[in-house]
Every structure is written in structure tokens, then in C-alpha cells.
Amino acid sequence: MLRVCIAQSARSLTRSPATRLAARFPAAIPRSLAPSRIISTQQHRMASNKAAPLKLKNPSLWIEKGGFVNGKWTAGANDGTFEVINPGNGQVLGTLPEMTVEDTKEAVKVAHEALKSWRKTTETERAAILNKIFQIMTENSEDLAQIITAENGKPLADARGEVTYGASYFTWFAGEAVRNYGDVIPSAVKGVQNMTLKQPIGVCAISECCFPNAMVTRKLAAALAAGNTVVMKAPAETPYSVLAIAEICRQAGVPDGVVNVVLTQKHTPDVGKELCENPLIHKLSFTGSTRVGKILMKQASGTLKKLSFELGGNAPFIVFEDADLDKAVNGVIACKFRQSGQTCVCANRILVHDAVFDKFSQKLADAVRKFKVGEGVKDGITHGPLIHEAAVNKVQQHVDDAVSKGAKVVVGGKKLDVPGYFFEPTVLADVQSCAIDNEETFGPLAALYRFKTEEEAVEMANNTEVGLAGYFFTENIARLYRVAAALEVGMVGANTGVISQAAIPFGGIKESGFGREGSKYGLQDWTNIKLIAVGGL
Ligand SMILES: NC(=O)c1ccc[n+]([C@@H]2O[C@H](COP(=O)([O-])OP(=O)(O)OC[C@H]3O[C@@H](n4cnc5c(N)ncnc54)[C@H](O)[C@@H]3O)[C@@H](O)[C@H]2O)c1
Ligand SMILES: O=CCCC(=O)O
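Residues numbered from 1 in each chain as written. Chains lettered and ligands numbered in written order. Predicted model: local features only at pLDDT ≥ 70, side-chain atom pairs only at ≥ 80, totals over all residues. Heavy atoms only, no water.

Caption draft 1: Fine view of empty space enclosed by the protein. Taken as a whole and assessed by the stated rule, the structure comprises five cavities of 30 Å³ or more. Size it by volume and the second largest cavity reaches roughly 60 Å³. Where the lining of the second largest cavity is concerned, the elements lending two or more residues are strand E13 (315-319), helix H14 (454-462) and strand E19 (466-467). Of the residues that constitute the lining of the second largest cavity, the class distribution is eight nonpolar, four polar and two charged. (1 Å grid on protein atoms, 1.4 Å probe; cavity = no way out; pocket = protein on both sides within 12 Å on 5 of 7 lines; lining within 4 Å. Points joined across faces, edges and corners; volume = space filled by probe spheres on them. Helix = DSSP H or I, 4+ residues; strand = E, 2+ residues; numbered from the N terminus. Nonpolar A, V, L, I, M, F, W, Y, C, P; charged D, E, K, R; others polar.)

Caption draft 2: How the structure looks around the pairing of strand E12 (residues 306-310). Most of E12 is tucked away: four of the five residues are buried. Bridge count between strand E11 (residues 281-287) and E12: five bridges; the pairing is parallel. Pairing of Lys283 across the sheet is with Lys306, part of E12. Considered for its hand, the β-α-β crossover made up of E11, helix H10 (residues 290-300) and E12 is right-handed. Alignment of E12 against strand E23 (residues 513-514), held across two bridges, turns out to be antiparallel. (Buried < 20%, exposed > 50% of the residue type's maximum accessible area, 1.4 Å probe, protein only. Pairing = 2+ DSSP bridges. Right-handed = clockwise from strand over helix to strand, strands pointing away.)

Caption draft 3: Molecular detail of the site of ligand 2. Around ligand 2, the neighbouring residues are Tyr165, Phe211, Met215, Arg218, Arg338, Thr343, Cys344, Val345, Ser500 and Phe506. At 2.6 Å from an oxygen atom of ligand 2 is found a side-chain nitrogen or oxygen belonging to Tyr165. Out of a free accessible area of 240 Å², ligand 2 has 99% covered by protein chains. Residue classes in the shell around ligand 2 are distributed as six nonpolar, two polar and two charged. Counting contributing residues, the shell around ligand 2 receives three or more from each of domain 1 (59-311) and domain 2 (315-500). (Near = heavy atom within 4 Å. Polar contact = N/O pair within 3.5 Å; in protein donor to acceptor, adjacent residues only side chain to side chain. Areas by Shrake-Rupley, 256 points an atom, 1.4 Å probe, with all protein chains shown as cover. Domains from an automatic or database assignment.)

Caption draft 4: Inspection of the domain arrangement of the protein at higher detail. Parsing the protein into structural domains produces domain 1 (59-311) and domain 2 (315-500). Computed over C-alpha atoms only, the centres of domain 1 and domain 2 are separated by 31 Å. Tallying the contact residues gives 24 residues for domain 1 and 24 residues for domain 2. Of the roughly 1,600 Å² buried between domain 1 and domain 2 on both sides combined, carbon and sulfur atoms contribute 59%. (Contact = heavy atoms within 4.5 Å. Buried area = accessible area lost by both parts, 1.4 Å probe.)

Caption draft 5: Geometry of the side chain of Arg479. Inspection of the secondary structure assignment puts Arg479 in helix H15 (residues 477-486). With near-sequence residues (within four places) excluded, Arg479 lies in contact with Phe320, Glu321, Asp322, Glu454, Phe472, Thr474 and Ala484.

Caption draft 6: Structural context of the environment of Arg250. Mapping Arg250 onto the fold places it in helix H8 (residues 239-251). For the pair Arg250 and Leu448, spaced 198 residues apart in sequence, the C-alpha separation works out to 47 Å. Every residue in contact with Arg250, bar those within four places of it in the chain, is listed here: Phe68 and Gly71.

Caption draft 7: Just the packing of aromatic side chains, in detail. Taken as a whole and judged by the stated rule, the model has ten aromatic pairs. With 3.9 Å between their ring centres and 15° between their planes, Trp62 and Tyr240 make a pair best called stacked. With Trp62 in the loop between helix H2 (41-46) and strand E2 (67-69) and Tyr240 in helix H8, the pair connects residues that are 178 residues apart, well separated along the chain. Summarising the burial analysis for this pair, Trp62 and Tyr240 share the class buried. Between Phe68 and Trp73 the ring centres are 4.5 Å apart and the planes differ by 40°, which places this aromatic pair in the tilted class. (Phe/Tyr/Trp six-rings, centres within 6.5 Å; stacked < 30°, edge-to-face > 60°.)

Caption draft 8: A look at the sheet that holds strand E6 (residues 184-185). Strand order in the open sheet formed by three strands is E6-E7-E24, with antiparallel pairing between adjacent strands. A single partner strand is all that each edge strand has here, and the edge strands are E6 and strand E24 (527-534). The pairing of E6 with strand E7 (residues 193-200) spans two bridges and is antiparallel. Counterpart to Val184 in the pairing with E7 is Met195.

Caption draft 9: Spatial organisation of helix H11 (residues 325-336). With twelve residues, H11 should reach 16 Å at 1.5 Å per residue; the first-to-last C-alpha distance of 15 Å fits that figure. Here the buried face of H11 lies against E13, strand E14 (347-353), helix H12 (357-369), strand E18 (445-451) and strand E20 (469-473). (Expected span 1.5 Å × (residues − 1).)

Caption draft 10: Main features of the pattern of salt bridges. By the definition in use, this model includes 27 salt bridges. Across the salt bridge formed by Asp366 and Arg369, the nearest N and O atoms sit 2.9 Å from each other. Highlighted residues: Asp366 and Arg369, both in helix H12, separated by three residues, approximately one helical turn. By relative accessible area, which is 26% here, Arg369 ends up partly exposed. Connected via shared salt-bridge partners are Glu321, Asp322, Glu454, Arg479 and Arg482. (Salt bridge = Lys/Arg side-chain N within 4 Å of Asp/Glu carboxyl O.)

Caption draft 11: Representation of the UniProt feature "domain: Aldehyde dehydrogenase" (unreviewed entry) in the protein. Mapped onto this structure's residue numbering, the UniProt feature "domain: Aldehyde dehydrogenase" (unreviewed entry) falls at residues 73-531. In residues 73-531, the share of helix is 38% and the share of strand is 22%. The end C-alpha atoms are 40 Å apart. (UniProt positions renumbered as here; feature names shortened; annotations may be inferred.)

Caption draft 12: Looking closely at the UniProt feature "active site" (unreviewed entry) in the protein. Under the local residue numbering, the UniProt record ascribes the feature "active site" (unreviewed entry) to Glu310. Along the chain, Glu310 falls in strand E12. Using a relative accessible area of 3% as the deciding quantity, one classes Glu310 as buried. Those residues in contact with Glu310 that lie beyond four places of it in its chain are Lys219, Phe286, Thr287, Gly288, Leu468, Phe506, Gly507, Gly508, Ser512, Gly515, Arg516 and Glu517.

Okay, here's the thing in C-alpha cells:
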């Protein structure tokens, strides 16, 4: 039996009109405006209202005054407020001011002004500040983890891991900054010497989601290392982590105006459009869905901004007949159920060879039954909630659709009727031709498909418009190289379900986007290469 550790009894929230509308016409409502994100007053009254204040050792990291512009906390136009919900219990974690397009324009102006001196700092000076940010993040890691768990729901142990991972981008890019070499290029013309300089791009916009801390730092550390200034739009679900990082940047000596944060829930599409169209911004880096990435790409075409897009995935995870099944089960647990299935690199389709299918599905189900699901802050919890109600509904839709087409529920399969946004960790066997083939579930649903040959598995794996990560387990070395080369993805995990670290080039191909974050390539996406040809020599 799956152990569900939620203290409170069944939730009795009735559905708001907005929720009912979205349930009937899901495609009509942008996900950013989905009712679970625009929480109605009625829903708030029904949730057990305000959470007790988070107890941090360093209270300066809990910011409720607003966004961050020119080194100051500001509510901007203060166009109302939005509430941030703890997905682990449905309570209101805090209330933040709504900022506007005008506030965004102001933040961009400030970042443009700050660029004049920031771009002239040396790489060594910037590296020292980045190392200081790393140090302050490390000193405050427990508080940062508490903030992540409160607003994102993941278990505290995972949140601590995210802070370590997030902070590592600052030391990584401090190291890369001081090695941001240009080239001297042999000239085809006598008397001319060619060389290149790596220069900052300018004011850069950052918008991200899902991993409240590490997805911010992966972009921010590289942007700052390269000498850019930044305007970040914080996700409305997890703004407190972004604000805490901004405060740490301030404490580390990042000059006023270099890092700015805009907050909004209801103006998200308009603020996003402004970031795409503002002529003072020269680069936009976005992490989120392919749907929103396409909107932003169109909007940014008018000013031809440099873009980096880390978009949705539909990762295949292939278990060959020669795999070590226990290791493969561990790989699926690490990869599919990380953050309850809410990472872009989570396995979405698990393809298992017919000869080992039944054995593998039983082993996986046995492992999943041992999960302890509940509020991430509680002891012993291994898996937390989903981020909002729409995410829970999507998992249910995927389960129902797959079952209607012949899939069998091995374990789980239902929403949990408790406060917060929980879905039972689920394993489905014999999945075939259903929505999961082409859509990311983004939840704790392991969908097991059967295959009979390597060719069939690779074809199934590649039969999707996106290509972020792919995984497989085999003990055959020739097959390992063959399949790694054949998968149409940006990142392959061969005999591992864990690929992420600051040192690797993170990014996708096809409709998973373009650009690479982290690694030695990560800095390049935040620089312009300038040729200087010196004549008359
Ligand atoms: N490739 C990667 O590195 C990576 C990493 C994490 C998540 N993701 C993807 O993100 C998706 C899950 O996150 P989500 O559902 O929150 O994605 P989403 O695209 O709905 O939202 C992402 C962010 O975009 C903002 N946004 C929404 N509509 C916008 C608009 N019109 N203009 C500007 N900004 C807008 C949201 O406020 C949020 O901060 C999944 O598809 C996942 O695979 C990709
Ligand atoms: O969801 C985002 C990806 C997290 C990671 O870097 O592995």
C-alpha cells in the first residue's frame, strides 16, 4: 500500500467558477492564467487560509515588500496583490504586490543604465562577486531550502539538494568568467591581424519555472559572469526563492540595477510581451513550456533578440532485455519521480522490452509502493505535491485516457482527496497510443510501453516533436554507443537516470528549444563575439 502521510482529513474544496470553466474548456485558458494560478477569493476562504510565518534563521531572506528594482524593494504600481499557495497544504504562504508593464519598463531602464559600469568590471571582479554569492547561499542553505519546500512542495532533502545544485552555478561561472578567452585568428591578408573579444550582450531578460532556485541561478550566474545586467520575471508560484536570491546578490555586492526582479501573476502575458519587445533588451532566456516558448519567439521577432529556450520534453526511458533491472528501477525512480515528476528531464514514456516487461513493472511498482507522499516539510516524506490543481488534473486526464485505451493500473491512478495538490505515484502497464505519446505529463505517472526490438524502441523514442533528454539501460557496450547516438535528444543518460550538474551542457533539440546552460558552453550563450581586424601592420 502506498503510504500517504497527510495529517488532515479529506479536502472539501468545491470547485470555483474559474476551475469549472477550465475543466470544460482547458484549451481556452492559457496555463499561466489557469484557475489554480488565479486563485479566487472563494477558494482562499475554503483553503485553511494563511500559513504560519516561515521560521528562518535569517529573516532577511523572506521578502514580502515586492520586487527588486535599482537595489530597492518595490511594489511598483501596486496594482493589487497575488497570493502564493503552499502546494503541500493549500494554505496561503504570502501575498505579494502585482507589478505592471510600466514597472517592467522602469526595471529595464534601470538595468540599461547599470550596464554602463557593470560591463566595464573585470572578469576577476565579477568572479569574486559570484564566489561571494555562492558563499552566502551556502551559509543560508537551510533557509533557502525551507523557502523552496514551502512554495514548491518538494521534500526538504530534495530542496537542500536543489540549493547545493543552484549555488554550484555561481562557483562554476566564476571559474568560467576568468577563462572567457577570445582568439587570435591567422589572417589571409598581409598586414592584418584578426582577433576576437567576448563581450556582454547587454540587458537580458530571464523568465523561468519549476525549479525555484536552480533554474534561476543557472541563468543568472552565467548572465552576470559575462557582464550583462538582468531583469527577471519571477514565477507567480515560486517568487520567494527568486527574491531571496536577489537579496543574496545585494548582500554579495552586486551593484544597484544589475539584478532586478518584477513580480506579477495577472499581467504575466503582458510583462512577457514587454520583455520580448523592449528594444533595450538584447537577450531573452526562457525556461518553460514549448507552448509559451513559441509565443515568446514570435513576440521577440520584432526586435530580433538573441534567444535561449529551455522548453518541454517527453523523455523516453528504454529498458533493454539485457539491462540490470534493479539498476534500471533505481534509474526510473530517480528520473521519473524526481520532484514528483515535475522536471523537464523526467522520463515520460518508459519503453520496456517484452521479455522483461512483467518482471520490471512489478519491481517498479514494489519500489513505488514504498514512497511516502505528503508535505515536504514533514519527516520521512519522499515525494511531495504537484504545484497546483491544474497539474493534478492533467495527470488524472493522462491516466484516464491511457486506461480507456487499454493500459492497466499497476499502482496508484488517482488524485488524493487531501489538502494541497497531490496525486498518487502511479505505474501504468501496457500503455499504447494515448495522450502521453505526445504530451508531457509533468507528474508522478510512470507509463510503461512494450517493445520487441532495438529498432522499434529507438523509433518509438524519437517519435515526438520534442527532444530534451533520453535514457536507457543496457549491459551491451556496442548497443550503448549505438543507441546513445541514435536518440534525438540534447542529453542522454546511459545506465543512469541522473544527468544534471553545473558542468554539463543542459539543453534540447527539436521543439525542446535551443541554447545550452551550464558547462563551458553556457557562458557563450550570454556573450557576443566581436571581431577586431587590425590593419596596417
Ligand atoms: N528545458 C528545460 O530546461 C526546462 C526546465 C524546466 C521546465 N521546463 C518545461 O516547463 C514546463 C512546465 O512549466 P509550466 O507549466 O509552468 O510552463 P509555462 O510555460 O506555462 O510557464 C513557465 C513560465 O512562463 C511564464 N509565462 C506563462 N505564460 C507566459 C506568457 N504568455 N508570456 C510570458 N511568460 C509566460 C509563467 O509565468 C512561468 O513563469 C514543462 O513543459 C517543462 O518541461 C523546461
Ligand atoms: O526542470 C528542470 C530541470 C532541473 C535540472 O536541472 O535537472
